[in-house]
Amino acid sequence: MHALRHELLPPSGVDFAIALKLTPSTIPKPSSKRDPSSVLNIVTARSNILRVYEVRHQPLVTPNHVDSERQRRAQIRKGTEPVEGEVEMDHGGEDWVNLGSVKVTICRLMASRMLLQRLVSTLSRSMPVYGTITGMERVRTISSNEDQLDRLLVSFKDAKIALLEWSESTHDLVTVSIHTYERAPQLVALDSALFQPTLRADPLSRCAALSLPKDSIAILPFYQTQAELDLVEQDLNLARDLPYSPSFILDFIADVDPDLRNVVDFVFLPGYNNPTIAVLCQVEKTWVGRLKEYRDTARLYIFTLDLLNHTYPVITTVEGLPYDCTSLLPCAASLGGVVIVTSNALIHVDQAARRVALPVNGWAARVSDLPMLPLEKDSDLTLEGSRLVFVDEKNFFAIRKDGMIHSVEIVSDGRTVSKLTISPALAQTTIPSFACQLSNELLFVGSTVGPSVLLKTHRVDEELPLGTVESDSPAAVVDTHTAMDIDDEDAQATSNGTVSGGPTSRTRSVIHVTLCDSLPAYGPISDLAFSLSKVGERHIPELVAATGSGHLGGFTLFQRDLPVRVKRKLHVLGGARGIWSFPVRQSHRVNGTSYEKVAHSFASERDTVIISTDANPSPGVSRVATRAAKTELAIPTRVPGTTVGAGPFFQRTAILHIVTNAIRVLEPDGTERQVIKDMDGNMPRAKIKACSICDPFVFILREDETIGLFIGETERGKVRRKDMSPMGEKASRYLAGCFFTDSNGIFELATTDVAPNHDRNATTTLQAVVSAGSHSQWLVLVRPQGIMEIWSLPKLSLVFSCNGIRGLDAVLTDSYEGPALSLPQDPPRKPQDLDIDQILLSCLGESAPALHLFVFNRFGSLVVYEMLPTAVLPDMTSPPNGRTCFLKVKFSKVATRHFELSRQEETEKTVLAEQKRISRVFVPFVTSPNPSQTLFGVFFTGDRPNWIIGTDKGGVNIFPSGHGVVHAFTACSLWDSKSEFLVYSDEGPSLLEWLPDITLDARLPKRTVPRSRAYSNVVFEPNSLLIVAASSLQARFTSYDEDNNVIWEPDGVGISLPCCDCSTLELISPDGWVTMDGYEFAPNEYVNALECVTLETLSTETGVKEFLAVGTTIDRGEDLAVKGATYIFEVVEVVPDPSSGHQRWYRLKLRVRDDAKGPVTALCGINGYLVSSMGQKVFIRAFDLDERLVGVAFLDVGVYVTSLRSLKNFLLIGDAVKSVWLVAFQEDPYKLVILGKDMRRACITNADFFFTKNELAITTHDEEGVLRLLSYDPTDPDSKGGQHLMCTAEFHVHKESRCSLAVARRTKEEPEIPQSRLINGFTDGSLSVLTPVDEAILKRLHLLQGQLSRNIQHVAGLNPRAYRIVRNDTVSKPLSRGVLDGQLLQAFEQLGISRQNEMTRQIGTERTTALHDWISLAVPW
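Note that the structure is a prediction, hence the values are computed from the model and not measured. Residue positions are given per chain, counting from 1 as you read along its sequence in written order. Local features in this predicted model are restricted to residues whose pLDDT is 70 or higher, and side-chain atom pairs enter the listing and the counts only when it is 80 or higher, whereas totals over whole chains, interfaces and linings include all residues. In computing side-chain properties, one takes all heavy atoms of the structure into account and sets aside hydrogens as well as water.

## Regarding the pairing of strand β92 (residues 1315-1322)
- A large share of β92 lies buried, amounting to 8 of its 8 residues.
- What you see with β92 is no split at all: Gln1315, Arg1317, Ile1319 and Gly1321 on one side and Ser1316, Leu1318, Asn1320 and Phe1322 on the other are buried throughout.
- When strand β91 (residues 1297-1305) meets β92, the two strands line up antiparallel, connected through 8 bridges. Bridge pairing links Ser1300 to Asn1320 in β92. Burial classification: accessible surface area is computed with a 1.4 Å probe over protein chains only, and a residue below 20% of its type maximum counts as buried, one above 50% as exposed, and the rest as partly exposed. Only DSSP runs of H or I reaching four residues or more are called helices, and only runs of E reaching two or more are called strands; each is numbered from the N terminus. We call two strands paired when DSSP finds no fewer than two bridges between them.

In structure tokens, the structure reads:
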């Protein structure tokens, strides 16, 4: 049996992060008109994915009173503004009112508002890699002196280092070099799972170091100047283009000091002429039980690196450090030394070996003899899992594992440290996994179990109250105001600028901390369950994941489609052929001219008109609808004919209405103002099939592929034809086209015209100025030969030409060609699969919408390109092909999706065929799901409807809408809501909105339910449609002896009881996520397993019923054996409390509590019986009389059962040591029969059945992250009659999975026989799916996988095949053929068409066949 494994969701959270100037957008360009808003880049890493973010300055949201003022001033006619000292004319226009400095005040408010900005991080690139990332560092090479950009150094688990840099040509990271040490002597005989390499870099980028086993590091030197490079080349004759010199391995024991062993941590120290390293090690290993013999065994070494002579003199050695030292934090060069973190204290050590220790609890003095400062009163902190980060030279933050932030100040006289002081907790932030200082004011705290945060710090001089000692005032405070009013800001700026200088006033510099931004994440997945979410009248499946840890714990709800709910049905509207909703206002006439000033971005305009059209009855009908009552529609106008497009025109004072044979201008009430018949003299032209409206321009595309351009004359309020002679011959053919208004100013022209009045953005007419303000307008066209052209308006100058759009290339750049010639029309050209069917240029994004190009071809490929500025231009002295204007942009592919389309014959032109035609078009929209968020997106209609959404933290994602077909779509604010959509789907016309609190920054739409506690298990109870979850909490643990006497109690200051795990059981309603009932276990009892099982009972007619089975562990300390218990709960309905507002209410009823001599670690149900594990035994039990559990069979198994799964009468047992067993259950007589065992030793974390047709396989995941497919085949001679389970495939995932769900997969060929599909959740937050694959498809995709592995560039130059291979000494070749790598095959979908043909040609198949195979398999569920 074969399978495809691919990730539905990438890892969530941050393991490592680094700040650097990686992309050119972070480098200010003096010649640029626009100051770049990017401050720096943040690169984060989690497991096997790299993410590149840009930190930008973004203005804060304008307050309402400023919005109102702007809107009021925008309504004043041009030329009637008041002069200085006067305010605006009143509405009657009677006279001026003199209010002195009112206008000056408004100007001051507006100016001060521009200074209020916040930092926002936006995702630039997300790259999966074929390696587990273990560290990142910023380095500068000799090339950095030229482009001023930093380079990224990344280390991987298999002892590799890759040097990466940003490429502007590909808009991606490219590999400069890769350095591997996996064949070094230190790694030859080492188990890879026991070693985690650490990467460190010198602050001046002189070298980098990677830790290796056996107390050694690999040193990679870098050249910084050309002089260094020339000096080394004279001796070694090296190549001049290498930014580094040969690396070498430094053995601490042999090369530095014989006692430097058991390395704990190492860092580079700043401020030295040569690279200097501080190494923390433990000379003699010890633990709590040996503290009487060995304590203070840690030691610190500081030595320098002479990279030329390879000598390493030791500067300082510090002995007698506590045994529980965990990490080092280098201090600034002005202070010197390092800060050592222990479990119970903070220690500063300088270069002269002076030690200053600050205890944080009473345990520090008991485990160490190191002299320490006095313990502060009631100080009882723990530093395990804490992260330290410097704020400035003498202050750093200690962020504990529960997220509490403590400020620590280093008190010194010059470079001599006298003491350390720690403040009480300032605030609680995320649970840290990594903390670093991005710049002088920015801190980044990364987390693997929740969101990561970006903090800003700044110093403020605050006046001390009289009588206050300076040391008693806080050194840091938290700013709770994220946004301040303008007046308050001005007042604060004034007060800060005038500090009192009286003789009795004293000030103290205080650090203020502000939250700037956060990167969303949900953390590890502990358990999975499918529930039914009620949306309106429908129930849709929803994947519930127990995620997070500690106070960041809760539930994350995933859905396959973007969830929407129907607010109302609008059958009277129709709209099977199109719906358009837009605002139209009454025009204002001045001197006989009708005009309306352009609405500003802050204007809250609502739609006033809806136009819908239907093809039935023939020849179609169009309706103009307006809002009549609160929720009703009025249709005052009906027009025969099918509408092709409609939109506001003449500054939103008229309606431009395009039908198949004419262009009509309508008044706001629907009456006709002008009609232009689409005629060629007296001869009718072909029908209009598509159009684009961008006031004052109109573009039409006819069925014979000819186009027409029209322009509106604002003075006359009429539309006329526009001359298209600059575009070539009259009979030119085009496939698609659209207008675009550049509101961001990214369209910048380079021109050979040196006239002083030439506008480098665009030339405009009076109509364009009135309509679009200062925004330039452009026309995008696609010709049949696959050439995309961009023309400036209104003079129609060709500014961009590209022939790569037909092949869907990764990057589209200007080819500098002239206008393309038309193809001969004799014989008529037939449509081809690679023809572009739809094209759109629109904004996509959230806080800073960016321009994107949307392309859809007739084969079913949807591609999204991001528009980017470029500096590459031709020789302007002799422009090619006679062109004089060049657009300084390029397009980079960011998303691709392929669909299986059902196409009808192109030659079929009947009325019935026209009514059945499915319209596939891009519809841009702007929506506000909540008042603080505005999203720019695009909806793709047709039989594969999808939402295309861009967010700050998730980039561009494509989500299915969940409809079978969508014929028409438009955003609608007619009912005073910016979050509603009008959709004509297979259910008819309806008004929709997204579900609240939906998050669209991942590949699957998700909702987060924070619960302030983590959950270890979650199940769905089908009878009551409720969620049952086991929470994971902490409680104080007290140890008792056999006679229940307390063995030990806290006996000193700063001494407290330890913590242990405990659990509660919660019954939760998915409707509002309200906890209906719960059950508290003992303080030392926690849940191991929670299952919904079907047991035999006398309380139902069927004789069976679903119950909740819970297995627990009871800890009793080190001296007493652990125990456990099995619980059976029933969910019963009770009378609801009228004040609760719920119609139905449920409770948990405890049926049975069965004590066990050992922990109950796994549970499941089989044929109406309960299967439970206790210690080394598995029991089959019957639920007797609904009041007790009676054992009917048992089996001695391995060491510790981790997983139980049942299928019919088969039982799958996973063990922590002895892998997996396949057992059969027999009822007459009761008996458990062992069918087969996996003979290898493996710690199974999850095991499940996997089947298709008549084949059955067993899937296992172990703690090393290896996925195996096992088969039970008694006919195989190597299985010894089936006693041994045969391993058919091994696939290295490199991450641990502790939960899985089996769902049905039905294919079109076999709808009655479902196959199984397994969904696995992983500890890094990723979600994967395992899908069965037929033999023929496996052969094709396996060959394609090999081509992709060899012939495309992989991030960091890593080998995908080596990443997935599992070391197995029992076979001659790796068992990797049975599982396909979805991560690698997904890269095939992203390739251009020419590259796809090249890959498939070499394996003897077609790209269409390979894409069909991939599309049929790569679905979530």
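## Let's talk about the environment of Ala333
- Along the chain, the position of Ala333 falls in the loop between β18 (325-330) and β19 (338-342).
- Between the C-alpha atom of Ala333 and that of Arg415, which follows or precedes it by 82 residues, the distance is 9.7 Å.
- Here, two residues are considered to be in contact whenever any of their heavy atoms come within 4.5 Å of each other. Discounting chain neighbours no more than four positions away, the residues touching Ala333 are Pro270, Gly271 and Arg415.

## A word on the sheet that holds strand β49 (residues 697-702)
- The 4 strands lie next to each other as β48-β49-β50-β51, forming an open sheet whose pairing is antiparallel. Taken across any chain shown, the strands that pair with only one partner, and hence form the sheet edges, are β48 (688-694) and β51 (718-721). Strand-to-strand twist of the sheet, defined as the mean angle between neighbouring strand axes without regard to direction, takes the value 25°.
- Judged from the 4 bridges that link them, strand β50 (residues 707-713) and β51 form a sheet pairing that is antiparallel. Of the residues in β51, the one forming a bridge with Glu713 is Lys718. The axes are straight lines fitted to the C-alpha atoms, using for helices just the contacting stretch, and the angles between their N-to-C directions are given from 0 to 180°.

## Quick notes on the sheet that holds strand β54 (residues 776-782)
- The strand order across the open sheet built from 4 strands is β52-β54-β55-β56, with neighbouring strands paired in antiparallel fashion. Strand pairing shows two members of the sheet lacking a second neighbour, β52 (736-742) and β56 (797-802), which therefore form its edges. Strand-to-strand twist of the sheet, defined as the mean angle between neighbouring strand axes without regard to direction, takes the value 20°.
- Here 5 bridges tie β54 to strand β55 (residues 788-792), and the two strands are oriented antiparallel to one another. Its bridge partner lying in β55, Val782 is registered against Met788.

## Some points on the environment of Ile1234
- Mapped onto the elements, Ile1234 comes out in strand β86 (residues 1230-1237).
- For Ile1234, a relative accessible area of 36% puts it in the partly exposed group.
- Taking the C-alpha atoms as reference points, Ile1234 and Gly1282, 48 residues apart in sequence, are found 10.0 Å from one another.
- The contacts of Ile1234, once residues within four sequence positions are left out, are Leu1195, Trp1221, Leu1222 and Val1223.

## Quick notes on the environment of Val1074
- When you line up the elements, Val1074 lands in strand β74 (residues 1074-1080).
- Judged by relative accessible area, which is 31%, Val1074 ranks as partly exposed.
- The contacts of Val1074, once residues within four sequence positions are left out, are Leu1067, Ile1068, Ser1069, His1142 and Trp1145.

## Here's the deal with the nonpolar core
- By nonpolar core we mean a set of buried residues, namely Ala, Val, Leu, Ile, Met, Phe, Trp, Tyr and Cys, connected to one another through side-chain atoms within 4.5 Å. Core analysis: the biggest nonpolar cluster contains 43 residues, and Val43, Leu50, Met136, Leu152, Leu1344 and Leu1348 have the highest contact counts within it.
- A per-element tally of this core places helix α10 (residues 1335-1351) first, with 5 residues.
- Apart from the residues lying within four places of it in its own chain, the contact partners of Leu1348 are His1354, Leu1384, Leu1385, Phe1388, Leu1391 and Met1399.
- Counting 32 residues, the second-largest nonpolar core is a separate cluster that includes Met788, Val799, Leu841 and Leu851.

## Quick notes on the packing of α10 against helix α13 (residues 1393-1401)
- The N-to-C vectors of α10 and α13 enclose an angle of 120°; their axes lie 9 Å apart at closest approach. Of the possible angle classes, the one that applies to α10 and α13 is oblique. Where α10 crosses over α13, the two elements pack in a sense that is right-handed. For the pair formed by α10 and α13, the contact residues are Leu1344, Gln1347, Leu1348 and Asn1351 on the first element and Arg1395, Met1399 and Thr1400 on the second.
- For the contact of α10 with α13, a count of residues per class yields 3 nonpolar, 3 polar and 1 charged. Orientation is classified from the angle alone, with under 35 degrees giving roughly parallel, over 145 giving roughly antiparallel, 65 to 115 giving roughly perpendicular, and any other angle giving oblique. By the definition used in this description, the sense in which the near helix is turned from the far one sets the handedness, with an anticlockwise turn below a right angle giving left-handed and a clockwise turn giving right-handed. Note that Gly is not counted as nonpolar here; it falls among the polar residues with everything else outside the nonpolar set of Ala, Val, Leu, Ile, Met, Phe, Trp, Tyr, Cys and Pro and the charged set of Asp, Glu, Lys and Arg.

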